[in-house]
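Structural overview for review
Chain residues, written in single-letter form:
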Amino acid sequence: MSDFDVVVVGAGAVGLACGYQLAKTGNSVLVLESANRIGAGVSSRNSEVVHAGFYYPSGSLKAKFCVEGRRAMYQFLADHNVAFQKCGKLFVATEESEIPPIEKYFKQGQINGVENARWISGAEARLLEPQLRCVRAVEYLESGVMDAHGYMDALEGEIEAHHGAVVLNSPFLGAAPTSEGYDIRVGGESPTTISARNLVISAGLSAQKCADAIEGFPKDRIPKQHLAKGNYFTISMKAPFARLIYPPPVPGALGTHYRRDLGGAARFGPDIEWITEENYVVDPKRAEEFYDAIRKFWPSLPDGALTADYAGIRPKIHAQNEPQPDFVLDSPEHHGMEGLICLFGIESPGLTSSLAIGAEVTRRLAV
Ligand SMILES: Cc1cc2nc3c(=O)[nH]c(=O)nc-3n(C[C@H](O)[C@H](O)[C@H](O)COP(=O)(O)OP(=O)(O)OC[C@H]3O[C@@H](n4cnc5c(N)ncnc54)[C@H](O)[C@@H]3O)c2cc1C
């Protein structure tokens, strides 16, 4: 008999959502977290935007999980009294040349099943947001902002309510397959070995390292890791817009956008900065590019208003000049090891998609 039906490595939004979906279906679940709190990784350094789901190619996991995950997310947040605002989003063309890319994404959204989207003129957009400058826009009513930490707290509560556990300061060190599943080495103050029938690696920026520590995991299935930092800037004045404001995406990212967070503060970003080592310092000099990008849609941004805020790092599995791939849920049919799923490249829209990823992991493990 194994100690657990499933061990999940990583208590970020995705690992906790996997833990929740697995525990809800009657499995005994343990979530291992190396840090001293949940959500210490990518999940605490993002935009907290609930994405509608129009950016992603037809048939991709990102398209499916973002749309399904968004619907499940709003329901979960409402059911658990976690703060969110379905504030809507304006996807703006600030000049005529930006209309075709937005049209392309609008059509993609229709294919992906995105509801409540419509084209509006620049004048209509200004009726909604008087300080906005654009020639046309698509309004998405299903986009919103959420409290990511409140969400993760609620997931942890649900795991515990279903007799599972989330243990902190407990790094996954490695695993070896057995006839019944996996022996899993756990570090920390009291290192130990536990057993589980199934193992899910949801370790964000450490996913590759964790997969590499599983005996027998084919090395050629571990995607090379790339790091793309996203920097944010803020202003200490009244937030200019109620809705999310997004320009067309740039290669590898969604473009420097605007959101009013749940506390009412205006935040701009993330941009994209390819780096080779993890660091979260925001270089104030990057403000120059932010002024240019923001003034395209908010011309009255005052000089000197932007201050450096925070940064997050996207767990990329593609290099700067390569196309952005889909989420990778490396499963037994791919790597040949029963009862094991390794998640790679869970960048945006990973937060929005988390409940759908958890449901898919549960389905694939057939537990
Ligand atoms: C700048 C930025 C903006 C984003 N904006 C959005 C957005 O607006 N909307 C959206 O939907 N998505 C967004 N995303 C994506 C989203 O934040 C991520 O997809 C999601 O948070 C990933 O969650 P995770 O659980 O996979 O990773 P993480 O949150 O990083 O969790 C992994 C966990 O594993 C733990 N861990 C690592 N190694 C070990 C080990 N050996 N043993 C045990 N535990 C370990 C880490 O400490 C961490 O807590 C954004 C991402 C970035 C970088």
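Remember, predicted model here, so these are calculated numbers, not experimental data.

Examining the domain arrangement of the protein
Split by domain assignment, the protein resolves into domain 1 (4-47 + 149-223 + 327-365) and domain 2 (89-141 + 226-316). For domain 1 and domain 2, the distance between their C-alpha centroids amounts to 32 Å. Across the contact, 10 residues belong to domain 1 and 16 residues belong to domain 2. Taking both sides of the interface into account, the surface hidden between domain 1 and domain 2 amounts to around 1000 Å²; carbon and sulfur atoms contribute 54%. Considering only the side of domain 1, the residues that lose the most area to domain 2 are Arg45, Ser47 and Leu205, jointly responsible for 58% of the buried surface there. Where domain 1 touches domain 2, the interface holds 1 salt bridge. For Lys316, the salt bridge identified is with Glu347, shortest N-O distance 2.9 Å. Summed over the shared surface of domain 1 and domain 2, the number is 5 residue pairs in polar contact (both at pLDDT 80 or more). Across the side of domain 1 that touches domain 2, the residue classes break down as 3 nonpolar, 5 polar and 2 charged.

With respect to the nonpolar core
Among the nonpolar cores identified, the biggest contains 42 residues, and Leu16, Tyr151, Leu343, Ile357 and Val361 are the most heavily contacted of them. Looking at this core, the elements that each hand over two or more residues are strand E1 (4-9), helix H1 (13-24), strand E2 (29-32), helix H2 (61-79), helix H5 (148-161), strand E20 (340-344) and helix H9 (350-365). When residues in this core are grouped by element, the largest group, 8 residues, is from H1. Cys134, Ile245, Ala266 and Leu301 belong to the second largest nonpolar core, which has 26 residues in total.

Structural notes on the packing of H2 against H9
Interhelical geometry of H2 versus H9 gives an angle of 105 degrees and a closest axis separation of 6 Å. With respect to H9, the element H2 is oriented roughly perpendicular. Note on element contacts: H9 touches H2 through Leu351, Thr352, Ser353, Ser354, Leu355, Ala356, Ile357, Glu360 and Arg364, opposite Leu61, Phe65, Cys66, Glu68, Gly69, Arg70, Ala72, Met73 and Phe76. For the contact of H2 with H9, a count of residues per class yields 10 nonpolar, 4 polar and 4 charged.

A word on the environment of Leu77
Tracing the chain through its elements places Leu77 in helix H2. In this structure the C-alpha to C-alpha distance between Leu77 and Gly339, which are 262 residues apart in sequence, comes to 30 Å. Not counting residues within four places of it along the chain, the set of residues in contact with Leu77 comprises Val82, Phe84, Met146 and Tyr151.

Focus on the site of the ligand
Contacts to the ligand come from 39 residues, most closely from Glu33, Ser43, Val49, Ile346 and Thr352. Within the backbone of Ser34, an N or O atom sits 3.1 Å from a nitrogen atom of the ligand. Residue Ser206 places a side-chain N or O atom 3.5 Å away from a nitrogen atom belonging to the ligand. For the ligand, whose accessible area on its own is 1000 Å², the fraction buried by protein is 94%. Residue assignment for the shell around the ligand shows that the elements contributing at least two residues are H1, strand E18 (306-316) and H9. Residues of the shell around the ligand, tallied by class, amount to 18 nonpolar, 16 polar and 5 charged. Domain assignment of the residues forming the shell around the ligand places at least three in each of domain 1 (4-47 + 149-223 + 327-365) and domain 2 (89-141 + 226-316).

Digging into the pairing of E1
Across the 6 residues that make up E1, a large majority, 5, are buried. Where E1 lies against strand E12 (residues 192-201), 5 bridges are found, and the strand directions are parallel. When the bridges of E12 are listed, Val6 appears paired with Asn198. Here E1 pairs with E2 via 4 bridges, running parallel. Residue Val7 lies in a different strand from E2, and its bridge partner there is Leu30. In this region the chain leaves E1, passes through H1 and returns to the parallel neighbour E2; the handedness of that crossover is right-handed.

Here we look at the sheet that holds strand E8 (residues 144-146)
Ordered in space as E3-E8-E4, the 3 strands form an open sheet in which the pairing is antiparallel. In this open sheet, the two strands that pair with only one neighbour each are strand E3 (49-50) and strand E4 (84-85). Strand direction decides the pairing type here: E4 and E8, joined by 2 bridges, are antiparallel. Bridged to Gln85 within E8 is Val145.

Here we look at helix H3 (residues 99-112)
Under the 1.5 Å per step criterion, the end-to-end length of H3 is 20 Å for 14 residues, consistent within 8% with the ideal 20 Å. If you check which residues of H3 are buried, you get Ile99, Ile102, Tyr105, Phe106, Gln108, Gly109 and Asn112. Structurally, H3 contributes buried residues whose contacts are with H2, strand E5 (89-93), strand E6 (117-121) and strand E7 (136-140). Within two residues after H3, Gly113 carries a phi angle of roughly 90 degrees, on the positive side.

What counts, and where the lines are drawn
Residues numbered from 1 in each chain as written. Predicted model: local features only at pLDDT ≥ 70, side-chain atom pairs only at ≥ 80, totals over all residues. Heavy atoms only, no water. Domains from an automatic or database assignment. Contact = heavy atoms within 4.5 Å. Buried area = accessible area lost by both parts, 1.4 Å probe. Salt bridge = Lys/Arg side-chain N within 4 Å of Asp/Glu carboxyl O. Polar contact = N/O pair within 3.5 Å; in protein donor to acceptor, adjacent residues only side chain to side chain. Nonpolar A, V, L, I, M, F, W, Y, C, P; charged D, E, K, R; others polar. Core = buried A, V, L, I, M, F, W, Y, C linked by side-chain atoms within 4.5 Å. Buried < 20%, exposed > 50% of the residue type's maximum accessible area, 1.4 Å probe, protein only. Helix = DSSP H or I, 4+ residues; strand = E, 2+ residues; numbered from the N terminus. Axes fitted to C-alpha atoms, helices over the stretch in contact; angles between N-to-C directions. Parallel < 35°, antiparallel > 145°, perpendicular 65-115°, else oblique. Near = heavy atom within 4 Å. Areas by Shrake-Rupley, 256 points an atom, 1.4 Å probe, with all protein chains shown as cover. Pairing = 2+ DSSP bridges. Right-handed = clockwise from strand over helix to strand, strands pointing away. Expected span 1.5 Å × (residues − 1).

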